[in-house]
Every structure is written in structure tokens, then in C-alpha cells.
Amino acid sequence: MTSPVAFELPPELAIDTDIARRVIGEFIRGQLGQAGFERAVLGLSGGIDSALVAYLTAEAIGADKLLCVLMPYRTSSPASRSDAEEVVRRLGTASELVDVTPMVDGFYGPETDASDLRRGNFMARMRMSVLYDRSVTWGGLVVGTGNKTESLIGYTTIFGDAACAFNPVGDLYKSQVRQLAAAMDVPDSIIAKAPSADLWPGQTDEIESGFSYPELDRLLFWRIDKRRSIDEVVALGFERDLVERVDRMVAGAEFKRQVPPIAKLGPRTAGVDYLYPRRRPGSARE
Amino acid sequence: MLARMDTIRVALAQLAPSLGELDRNLVRHHELLEQARADKADLVVFPELGLTGYQLQDLAAEVSLRLDDPRLADLAAATEGLSAIVSFVEESADHRLFIAAALLEDGAIRHVHRKLFLPTYGLFDERRFFGAGDMLRAVPSRLGLGLGIGICEDFWHLTVPQILALDGAQILINVSSSPGRDLAATNEVGLGTATSWRTLMRTYAQLTTSFVVFCNRVGVDESISFWGGSEVIAPTGAALLSAPMYDEGLFSVDIAPADIRRERIGLPLLRDERPELQLRELARIIAERAGMAHDSTSEPGAEPGLDLAPGDRSPHPIGFRREAEG
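Just so you know, these numbers come straight off a predicted model, no measurement behind them.

The next subject is the overall build of chain A. Scanning chain A from N- to C-terminus turns up twelve helices and four strands. A compact globule built from 286 residues should have a C-alpha radius of gyration of about 19 Å, and chain A, at 19 Å, falls within 12% of that. Each of the three principal axes of chain A carries a C-alpha extent, and together these read 55 × 55 × 50 Å. Looking at the 286 residues of chain A, the share that counts as buried comes to 51%. In chain A, once contacts between residues fewer than 6 apart in sequence are set aside, the share between residues at least 24 apart is 75%. Summing over all exposed atoms, chain A offers an accessible surface of approximately 13,700 Å²; the carbon and sulfur share of this is 54%.

Looking only at helices and strands, chain B has eight helices and 14 strands in total. Classification of the 326 residues of chain B by burial places 54% in the buried group. Partitioning the contacts of chain B with sequence separation of at least 6, the portion at a separation of at least 24 is 65%.

This part takes up the packing of helix 4 (residues 101-108) of chain A against helix 5 (residues 116-138) of chain A. Residue and element names in this part refer to chain A. Running from N to C, helix 4 and helix 5 cross one another at 130°; their axes reach a closest spacing of 10 Å. By the angle between their axes, helix 4 is oblique relative to helix 5. Considering only the axes of helix 4 and helix 5, their crossing is right-handed. Facing helix 4, whose interface residues are Met-103, Val-104, Asp-105, Phe-107 and Tyr-108, helix 5 presents Arg-118, Arg-119, Phe-122, Met-123, Met-126 and Val-130. For the contact of helix 4 with helix 5, the per-class residue count stands at eight nonpolar, no polar and three charged.

Strand pairing in a sheet relies on backbone hydrogen bonds. The paired strands run either parallel or antiparallel. All names here are of chain A. Within the open sheet, the four strands sit side by side as 3-2-1-4. Their pairing is parallel. Unpaired on one side and paired on the other, strand 3 (94-97) and strand 4 (140-142) mark the two borders of the sheet. Going across the sheet, the axis of each strand differs from the next one's by a mean of 25°, ignoring polarity. Relative to strand 2 (residues 66-70), strand 1 (residues 39-43) runs parallel, the two being bridged by four bridges. Bridge pairing in strand 2 links Val-41 to Leu-67. The strands touched by helix 3 (residues 78-91) are strand 2 and strand 3; relative to strand 2, the strand with the most contacts, the crossing angle is about 170°. Across the sheet, helix 5 is in contact with strand 1, strand 2, strand 3 and strand 4; its angle to strand 1 comes to roughly 160°.

Right, let's talk about unusual backbone geometry for a bit. Residue and element names in this part refer to chain B. Even without glycine at this site, Thr-209 takes up a positive phi of about 45°. Among the secondary structure elements, Thr-209 is positioned in the loop between helix 5 (192-208) and strand 9 (211-216). Under the relative-accessibility criterion, Thr-209 is labelled buried at 0%. Phi at Glu-222 is positive, roughly 55°, even though this residue is not glycine. Within the secondary structure, Glu-222 sits in the loop between strand 10 (218-221) and strand 11 (224-227).

On to the environment of Ser-95 of chain A. Residue and element names in this part refer to chain A. Inspection of the secondary structure assignment puts Ser-95 in strand 3. Owing to a relative accessible area of 42%, Ser-95 belongs among the partly exposed residues under this scheme. The sequence separation of Ser-95 and Val-41 amounts to 54 residues, and the corresponding C-alpha distance is 9.4 Å. Beyond its immediate stretch of four places on either side in the chain, Ser-95 contacts Leu-67, Cys-68, Leu-70 and Val-88.

What follows is about the interface of chain A and chain B. Tallying the contact residues gives 22 residues for chain A and 24 residues for chain B. Between chain A and chain B the total buried area reaches about 1,900 Å² when both faces are included, carbon and sulfur atoms providing 56% of it. Scanning the region where chain A abuts chain B turns up two salt bridges. Across the pair Asp-58 of chain B and Arg-268 of chain A runs a salt bridge whose closest N-O atoms are separated by 2.6 Å. Where chain A meets chain B, there are ten residue pairs in polar contact (both at pLDDT 80 or more). Split by residue class, the side of chain A that touches chain B holds twelve nonpolar, two polar and eight charged.

Moving on, we get to the nonpolar core. Side chains of a nonpolar character, in soluble globular proteins, are inclined to be buried together. Residue and element names in this part refer to chain B. Counting 71 residues, the largest nonpolar core has Val-45, Leu-56, Ile-85, Phe-130 and Ile-173 as its most contacted members. At six residues, the largest contribution of residues to this core is made by helix 5. Residues contacting Ile-85, with those up to four places away along its chain left out, are Leu-43, Val-44, Val-45, Phe-46, Ala-101, Ala-102, Leu-103, Ile-149, Ile-173 and Val-175.

What follows covers the pattern of salt bridges. The tally for this structure, following the rule as stated, stands at 44 salt bridges over all chains. Two residues, Asp-49 of chain A and Lys-174 of chain A, come together in a salt bridge whose shortest N-O distance is 3.1 Å. Here the residue Asp-49 of chain A occupies a position in helix 2 (residues 48-61), and Lys-174 of chain A occupies one in helix 7 (residues 174-183), the gap between them amounting to 125 residues. Considered together, Asp-49 of chain A and Lys-174 of chain A belong to a single accessibility category, that of buried residues. A single salt-bridge network, built from bridges that share partners, covers Arg-22, Glu-26 and Arg-29 of chain A together with Asp-247 of chain B.

It is worth spelling out the domain arrangement of chain B at this point. Taken domain by domain, chain B comprises domain 1 (8-269) and domain 2 (274-326). Relative placement of domain 1 of chain B and domain 2 of chain B: their C-alpha centres are 38 Å apart.

This part covers the environment of Ala-94 of chain A. The topology assignment puts Ala-94 of chain A in strand 3. In this structure Ala-94 of chain A comes out as partly exposed when scored by relative accessible area, which is 26%.

Our focus in this paragraph is the pairing of strand 5 (residues 108-114) of chain B. Residues and elements named next belong to chain B. Bridge count between strand 4 (residues 97-105) and strand 5: six bridges; the pairing is antiparallel. Across the sheet, residue Ala-101 finds its bridge partner in strand 5, namely His-113. Linkage of strand 4 to strand 5, two consecutive antiparallel strands, is achieved through a turn of two residues, within which Asp-106 is found at a positive phi near 45°.

Before going further, it helps to spend a moment on the side chain of Thr-79 of chain B. Residues and elements named next belong to chain B. Following the sequence through the fold, Thr-79 ends up in the loop between helix 2 (70-77) and strand 3 (83-91). By relative accessible area, which is 0% here, Thr-79 ends up buried. For Thr-79, the side chain forms a polar contact with the main-chain oxygen of Ala-76, separated by 2.5 Å. Those residues within four positions of Thr-79 in sequence are excluded, and the remaining contacts are Leu-33, Arg-37, Ala-84, Leu-104, Glu-105, Asp-106, Gly-107 and Ala-108.

Scoring rules and cut-offs
Residues numbered from 1 in each chain as written. Chains lettered and ligands numbered in written order. Predicted model: local features only at pLDDT ≥ 70, side-chain atom pairs only at ≥ 80, totals over all residues. Heavy atoms only, no water. Helix = DSSP H or I, 4+ residues; strand = E, 2+ residues; numbered from the N terminus. Rg over C-alpha atoms; globule rule 2.2 N^0.38 Å. Buried < 20%, exposed > 50% of the residue type's maximum accessible area, 1.4 Å probe, protein only. Contact = heavy atoms within 4.5 Å. Areas by Shrake-Rupley, 256 points an atom, 1.4 Å probe, with all protein chains shown as cover. Axes fitted to C-alpha atoms, helices over the stretch in contact; angles between N-to-C directions. Parallel < 35°, antiparallel > 145°, perpendicular 65-115°, else oblique. Left-handed = near helix turned anticlockwise from the far one by under 90°. Nonpolar A, V, L, I, M, F, W, Y, C, P; charged D, E, K, R; others polar. Pairing = 2+ DSSP bridges. Buried area = accessible area lost by both parts, 1.4 Å probe. Salt bridge = Lys/Arg side-chain N within 4 Å of Asp/Glu carboxyl O. Polar contact = N/O pair within 3.5 Å; in protein donor to acceptor, adjacent residues only side chain to side chain. Core = buried A, V, L, I, M, F, W, Y, C linked by side-chain atoms within 4.5 Å. Domains from an automatic or database assignment.

This is the structure:
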């Protein structure tokens, strides 16, 4: 049964959610198994991306093997926390609350002129640090929760929320995340609310970026997945200014999606001409 | 060769190989061969690189097997009274690596097919790590039928199933590691890759009036998931067995060789094929694409294209061309 909550799903982005669940389940089990792990840990924000990944991971390996870490900052919305707690309650996973306020304020001090961008990135990297610490204490791999839309336009913090051992939803646009979340009975309040980085009260992704997710998802789908030219997507009805702006964002974020280059000096160089699978015989922990 | 059997039990080993773990995969192959024997299978088909996993990259040279490797001999020894197709990285005597599929029968390696078409585009990078095979042959089998073996991308080229059928294959066998992609809800069975393969297999079966056996792996290597969905298609194009997507297992069906004769008498497409016509026209096209003959089918003023050599504007072949006049 799917959730009755309303959201806009452009028809060309609709996916077969049964197949998606199956593929992602195999992927999660495969990634953990090849690394010699049975458990997983993720940061649960109260937003739809991490909620969906919690549902998918719990379905793939069992809720008892997943640790959800809630990491609010003092300005985080109380609704985010209650939504995250509802996910934990419904799934029955282990959870932990880690307030990142002392870490962030301890660095900047209470009075600071640091921009929201700097503070937001710092918060994301503190959360990453907590997750990788809990990766050791819980004995699980860190599961990424970033979606394809934000990865493409670069709405991520490098080595922050983008850091993970593997990402089950990084090839799903935001609209597809909503579709899959609805199919998995993620709480309506999470599906319905406006996506937000939750760095300050009232912040939403769509106000900050100036376009709606369904529109942005459709544009990215036609430009990237379907290889349409700028002129061709303009003919589909997209504003040329928007198309060119999004193109620049995608190009500008290329560096966030790739492993940093190493200066080629020796005979064999990782990522250049030393090419192995991430997990191979001998690489699983004992 | 044995007399033709009334029915042949085909077993598809839709397994999930462990990447780079040759010994572990060998054990799994032996187990499935024994299971197939207990199920009275006549032909057991394993997927592409079932012995090694697919996304090997530089591991390819570390899991390669020479054809005289005792581990292959052990596997062959497990095929007394059986035909089996297994796939691995073959290292030739001159140290080239190939994606190979071997027909093992009654304890011996009867035939080895080296993958001819190595996809190196999109998510594929095979040409970087492997050499391409140079030979395409149907092979007689103890089943009393000719087998035509191709590996994955080989069947995305029309010539492969056609040449195999013309060479005497009555069962076309494709072993694959096909990565699933395109989950658009509009796809038949929910997966674009599956839709494409299902269309191809039915089309080849009908056009070659042969059985088509497709064995695709399951499991995950790195980012990519393999979708299974192995099939056996009758010479009419009808599906006799469609294994589930993503599930590991051994799936069997009986096929009747008499169906080949029935279909070929009723629909004599192979009888009517014109290989000599193809050969003649291909010779012409090859010469024209190489600039060794004037393109006889191009429009005046046409841009260089697939069948038109760059700069080909005159009846004089490249190398013998005079300066353009006026």
C-alpha cells in the first residue's frame, strides 16, 4: 500500500519501485558483505533522504543491525528531531542522540561572523566525524544518504554529508526519492515537508536555490541521462537562463563527485593505472 | 557424438560469483554441477565470468587460467555424461587475456569461445583489460545438436547469431554478466536492460529458427547489480523458461530437438539465407569505408558518414587522388 500523501512526480521520472527496492537491497548487502561487515550506521536528520535510506537499510539487513544517529545543532528545527524519532520508533532501530552544538560553537565561539556557508559545512563535517567514530564503536559501515539531484548541482559538503562507505540512493533524483519513500510507507510528514538543509529556521532548498525539485529533476534528467542539448531542452519548455545556470552548477561541482587527482609520478598510480575493485580478495576485515 | 536425444534438459546456473575469488567460485560450480546431475540435466550453463566475477579490472591477470590449468581439468572431469558451459578469464600462451566460455563434455574441454565484442563505452571498460577473440564457430556436442556460443555483447551484433546458425548451431547460447539499468516505470518487467535482452532473444530464436539459451548472473560487483532473468526460448520465439530476476538458483527446462526441424520446415529462413550475397556486398562496403573504392551509394555532396570515407568526394580512391579541380 502506498502512502496517500501528495507530491509531484514528473511522469518521465517514475521508476519501478519494486525493482528499485530489490536492487538497492542487494547492493547494501553486497557492499557490507564484501567488506566483512554486517552492520550499518547513518545520520538521521528527519529529512526524506536519510529516512528513506534508513528504511532501505533496515529492510536489507534488519533493523537490529542499523544504528541511526541524530545530530541536531541548537538551531535545528524541533520538527526535524521528532520526525527522525518517529522513523526510529517505526523501524525499531538502535539510535543515539549527539548534539553537535558544542563542537561547532567550540570552534567558532558563540559570537562569530562566520558565514552560514562556513558554519553549515563545518556542521556537516562534524556529523561526518561522529558517524565515522560510531562506525568503529557500532562496527558498521557509514551509509550515504545524498540524492542525485543535490550531488549533480553540488548542494553537498565535500567530506561532510557526501562522505560515506557507499550510497544506495545517489542515483535517484529527489522526485524519485519521494516516490520510493511513499512506496515504503515513510511517514507522511517527512514526505510532505519542504526539503531543507535545516541550517537556520525557515531555510528550504527550493527557496535557497530558486527552483522546484520536480522542475530541476526533469531538467537534469533530460540534459544528463537523456543527453539532450541545451537547445533541445529549451525546446522542451525550460527557460534558457535556468538551463545555463544549472549547467554551470553541474560543471562547477564535478570536483565534489570525484576522488582527488594524484600527481602522476611513479609507474603505477591509484586511480590512473592501478585499478582494482574497492573490495577484492583479502580486503574484507577478518 | 551420441544420437539426438528426444528431450534435452537445460539447467541454467544463475549464480552470484564472488569477485576475484576463483577458488570459492570453483567450489560453487562443482556444487551446482552435482545438483544439476542429480536433477538429470543434460546441459548446464553458467554465466559470463562465473568463475571470477565481472568487474575485475587489474585483478583479471590474477585470476586468469591457462587451458591446461588443472583446476579447469577438475571442472571438466565433473562433466562425465554432461555438457557444461563455464566462463573465466583465459590467458593464452602469449599472455593475452580473454573473456572465455568453454564447452566441457564427458571430462574434456571440447571448445573455447573467446568474447568477440568487448564493450568499452558507458559503464563498460572491457577493451582496456581484455583482448578480443578472432574466431566464431558452431560446435557439435554430445547432445546431438550443434551449439553456438556467444558471450554477452557478442549478441548485440546481428552477425553473431546469424553466423552461428549458418555454421550449424541449433542451440544458440549466450552467457552474460548484464548490469541492470534504467528503472523507468514504463519498461516491461520494470527494467530497461531486461526489456532489451528479452526482445533480442525472442528475435534471434525466430530469425535463426533455433533454441536460444540466455544465462545471466545475479549479485553485485561494486556499483552494478546483475539482474538474472535467464531464459530459454523455443525456435518459434516463445519463452519456455524465464527465471526470476535477481534470485540465485539453478533453473531447468526440457527442450525437444524435434521443434527445430518442425520450425525450419515450416519457416525455412535459414534455407533461404544468402551468405554469398552478404559476402559480396560486405566486400564492397569494406573497400568503400576504407577509401579504397568510391562510395557507390552516397548522395552527391554527402558528409563523411558510416559508409563514406572522410574526404571521399571523387571516384579516385584515397592515395590515388588528384588535386581537386577548380
